[in-house]
Amino acid sequence: RAKELGRNAFCFYQRNMDEDAAERLEVEAALRLALDRNELLLHYQPQVHIASNQLFGVEALVRWQHPQWGMVPPARFIPIAEESGLIDAVGSWVLDEACRQMAMWQEAGQAPPHVSVNLSARQFRHGSVPTMVADTLLRHGLPPSRLTLEITESLMMMRNDQTLEALHALDEMGVKLAVDDFGTGYSSLGYLKRFPVSELKLDQSFVRNLANDEEDRALASAVVRIGQSLKLTVVAEGVETAEQLAFLHEQGCDVAQGYHFARPLAPDAYVEWLRGRP
Ligand code: C2E
Ligand code: MG
Ligand code: MG
Ligand code: MG
């Protein structure tokens, strides 16, 4: 598995390196305009408590509807946003839009318990993340407990005091922190003790082949036990089948997210999904 992941990561890197620089600049220029032209939007994917089937929260996932290119997936433009520095503007927009939508849903009695927003490590280069978050929550009158920020293992491996301070400031504010794609980064577990995280997201690469891969079952179950021992909520990503769900339930995993429950949904579709629930 490690070999396979390593090879994929390498191919991705090489493809990026070889990619026509002009094309990257084109995407960058278009993305700059996209913000002003309102071409970005958010979809929301439900997260469900496995034991009770209650809604746990939703994850906000950014989409780019380009007038010529159509729907551009985040994997295509987030890396370019990160390299060009546009991620600060994109990230602020995403947070603002997610909070605006939550406030509207709250008004209508349709709000999920919380919204999770992805943050890039790059956004922590400036010390301004906690201020940006506090201002955004205030602007929309949203309590901090309604917001979870998803960060990556790579951010926590940076061992930089400014990042640690920012994460503690967010924690003190009452915002929750989740480790996204857990298990795919450098596996020093020490940081789980140092950082004020409350949620682990088991990466979908461990969930995908649960039905026929003994090693994935062992790894998934180990991650769930790490989460339990540290009193963290474990959220499994990419849950597509009832069998995967049953195994995760058996292991004591708390929450599941994936096509088995719903794809990432446009706001209207989320409300419809909510209405259709027992
Ligand atoms: P992620 O945060 O790990 O998000 C989960 C990804 O898995 C999403 O892809 C989602 O659509 C997909 N997914 C959910 N359920 C299933 C399933 O059952 N099966 C399969 N095969 N896939 C599933 P998406 O929306 O394409 O996003 C990809 C990544 O882009 C995200 O991974 C996240 O790292 C990044 N991203 C998305 N939105 C933002 C954002 O606003 N800011 C930043 N910095 N990154 C973002
Ligand atoms: Mg995420
Ligand atoms: Mg993830
Ligand atoms: Mg993932």
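Up top is the structure.
Residues take numbers from 1 onward in each chain, read along the sequence in its written order. Both sets of labels track the order of writing: A upward for chains, 1 upward for ligands. Totals for whole chains, interfaces and linings use every residue, but because this is a predicted model, local features are given only for residues with pLDDT of at least 70 and side-chain atom pairs only at 80 or more, for both listing and counting. Only hydrogens and water are removed before side-chain values are computed, so all heavy atoms of the structure are retained for them.

K.L.:
Is there a simple way to think about the overall build of the protein in this case?
P.N.:
Secondary structure elements are defined from DSSP: runs of H or I of at least 4 residues count as helices, runs of E of at least 2 residues count as strands, and each element is numbered from the N terminus. Check the secondary structure of the protein and you find twelve helices and nine strands. For the radius of gyration, the atom set is restricted to C-alpha positions; the globular benchmark scales as 2.2 Å times the number of residues to the power 0.38. Compactness check: the protein gives a C-alpha radius of gyration of 19 Å against a globular reference of 19 Å for 278 residues, within 12% of the reference. Expressed as a percentage of the 278 residues in the protein, the buried residues total 45%. Once local pairs closer than 6 in sequence are excluded, the contacts in the protein between residues at least 24 apart make up 68%. When the accessible surface of the protein is totalled, it reaches about 14,000 Å², and 51% of it is carbon and sulfur. Charge-centre separation for the protein: the mean point of 26 positive side chains lies 2 Å from the mean point of 38 negative side chains. For every residue, the accessible area (1.4 Å probe, protein chains only) is compared with the maximum for its type, and the residue is labelled buried under 20%, exposed over 50%, or partly exposed between those bounds. Contacts were defined at the residue level, with two residues in contact if any of their heavy atoms lie within 4.5 Å. Areas reported here follow the Shrake-Rupley algorithm with a probe of radius 1.4 Å; residue values treat only the protein chains shown as occluding. Residues counted as positive are Lys and Arg, residues counted as negative are Asp and Glu, and His and the chain ends are not counted. Working definition for charges: the position is that of NZ of Lys, CZ of Arg, CG of Asp or CD of Glu.

K.L.:
How should I be thinking about the site of ligand 1 in this particular structure?
P.N.:
The near set for a molecule or strand comprises every residue that places at least one heavy atom within 4 Å of it. Around ligand 1, a shell composed of 21 residues is seen, among which R63, D180, Q204, E240 and Y259 lie nearest. Nitrogen and oxygen atoms within 3.5 Å of one another constitute a polar contact, given that in protein one can donate a hydrogen and the other can accept it, and given that sequence-neighbouring residues count only through two side-chain atoms. Separating an oxygen atom of ligand 1 from a side-chain N or O atom of N118 is a distance of 3.0 Å. E240 has a polar side-chain atom sitting 2.5 Å from a nitrogen atom of ligand 1. In isolation ligand 1 offers 800 Å² of accessible surface; the protein chains occlude 81% of this area. Mapped by element, the contributors of at least two residues to the shell around ligand 1 are strand 2 (55-66), helix 3 (74-84) and strand 6 (176-182). Among the elements that make up the shell around ligand 1, the one with the highest residue count is strand 2 (four residues).

K.L.:
I'm lost on the packing of helix 4 (residues 87-107) against helix 5 (residues 129-140) in this one. Help?
P.N.:
Axes are the key here: two packed helices are described by the angle between their axes and the distance separating the axes. The axes used here are C-alpha line fits, helices contributing only the stretch in contact, and every angle between their N-to-C directions lies in the interval 0 to 180 degrees. Where helix 4 meets helix 5, the closest approach of the two axes is 9 Å, and the angle between their N-to-C directions is 30°. In this view, helix 4 runs roughly parallel relative to helix 5, as classed from their interaxial angle. Note that helix 4 runs across helix 5; the crossing there is right-handed. Counting all contacts with helix 4, which are made through S92, L95, D96, C99, R100 and A103, the residues of helix 5 involved are M132, V133, T136, L137, R139 and H140. All amino acids are sorted into three groups, where Ala, Val, Leu, Ile, Met, Phe, Trp, Tyr, Cys and Pro are nonpolar, Asp, Glu, Lys and Arg are charged, and the leftover types, Gly among them, are polar. For the contact of helix 4 with helix 5, the per-class residue count stands at six nonpolar, three polar and three charged. Throughout this description, any angle smaller than 35 degrees is read as roughly parallel, any larger than 145 degrees as roughly antiparallel, any in the 65 to 115 degree range as roughly perpendicular, and the remainder as oblique. Definitions for this section: a left-handed crossing has its near helix turned counterclockwise from the far helix by less than a right angle. A right-handed crossing has that turn clockwise.

K.L.:
What am I meant to see in the pattern of salt bridges here?
P.N.:
Any two side chains of opposite charge can pair, given that their charged atoms come close. Here, a salt bridge means any side-chain nitrogen of Lys or Arg that lies within 4 Å of a carboxyl oxygen of Asp or Glu. Under the definition given, this model contains nine salt bridges. Salt-bridge contacts for D96 lead to R139; the nearest nitrogen and oxygen are separated by 2.8 Å. With D96 in helix 4 and R139 in helix 5, the pair connects residues that are 43 residues apart, well separated along the chain. A salt bridge links E214 to R217, with the nearest nitrogen and oxygen atoms 2.9 Å apart. With E214 and R217 both in helix 10 (residues 214-229), this residue pair falls three residues apart, about one helical turn. With relative accessibility at 57%, the residue E214 sits in the exposed group.

K.L.:
Explanation requested: helix 5 in the structure shown.
P.N.:
One turn of the α-helix equals 3.6 residues, which is why residues spaced by three or four share an orientation. Between the first and last residue of a helix there are one fewer steps than residues, each counted as 1.5 Å, and that sum is the expected span. If you check helix 5, its first and last C-alpha atoms are 17 Å apart, about what twelve residues at 1.5 Å a residue would give, namely 16 Å. Taken as a whole, helix 5 has its buried residues at V129, P130, M132, V133, T136, L137 and H140. Mapping the buried residues of helix 5 onto a view down its axis gives an arc of 165°, with all of them on the same face. More than 90 degrees from the buried face of helix 5, the exposed residues found are L138 and R139. G141, located one to two residues past helix 5, shows a positive phi value of around 60°. Directions drawn from the helix axis to the C-beta atoms are what define this arc.

K.L.:
For this particular structure, what's the right way to read the coordination of the magnesium ion (ligand 3)?
P.N.:
Ideal values for angles at a metal depend on the geometry: 109.5 degrees with four tetrahedral donors, 90 or 180 degrees with six octahedral donors. Because water is not among the atoms used, a metal site may look incomplete, as its donors are only the N, O and S atoms within 2.8 Å, or 3.2 Å for Na, K and Ca. Within the first shell, the magnesium ion (ligand 3) binds the protein through D180 (OD), D181 (OD), E237 (OE) and E237 (OE), at distances of 1.9 to 2.6 Å. In the primary sequence, the donor residues of the magnesium ion (ligand 3) line up as D-D-x55-E. A distance of 3.8 Å spans the gap from the magnesium ion (ligand 3) to the magnesium ion (ligand 2), which D180 bridges by coordinating each metal. Residue D180 is found in strand 6, and its partner E237 is found in the loop between strand 8 (233-236) and helix 11 (242-251); the two are separated by 57 residues along the sequence. Pair check on accessibility: D180 and E237 agree, each one buried.

K.L.:
I tried to follow unusual backbone geometry on my own but got confused; where do I start?
P.N.:
Glycine aside, a negative phi is what most residues show, and trans is what most peptide bonds show. Despite not being glycine, D181 has its phi angle at roughly 50°, a positive value. Within the secondary structure, D181 sits in strand 6. Using a relative accessible area of 27% as the deciding quantity, one classes D181 as partly exposed. Positive phi, close to 55°, is recorded for K231, a residue that is not glycine.

K.L.:
Which parts of the structure should I look at to understand the environment of Q228?
P.N.:
Note on placement: Q228 falls in helix 10. Sequence separation between Q228 and C253 is 25 residues, and the spatial gap between their C-alpha atoms is 8.4 Å. Look past the residues within four positions of Q228 in its chain and what remains in contact with it is Q251 and G252.

Just distances and angles here, no functional claims.
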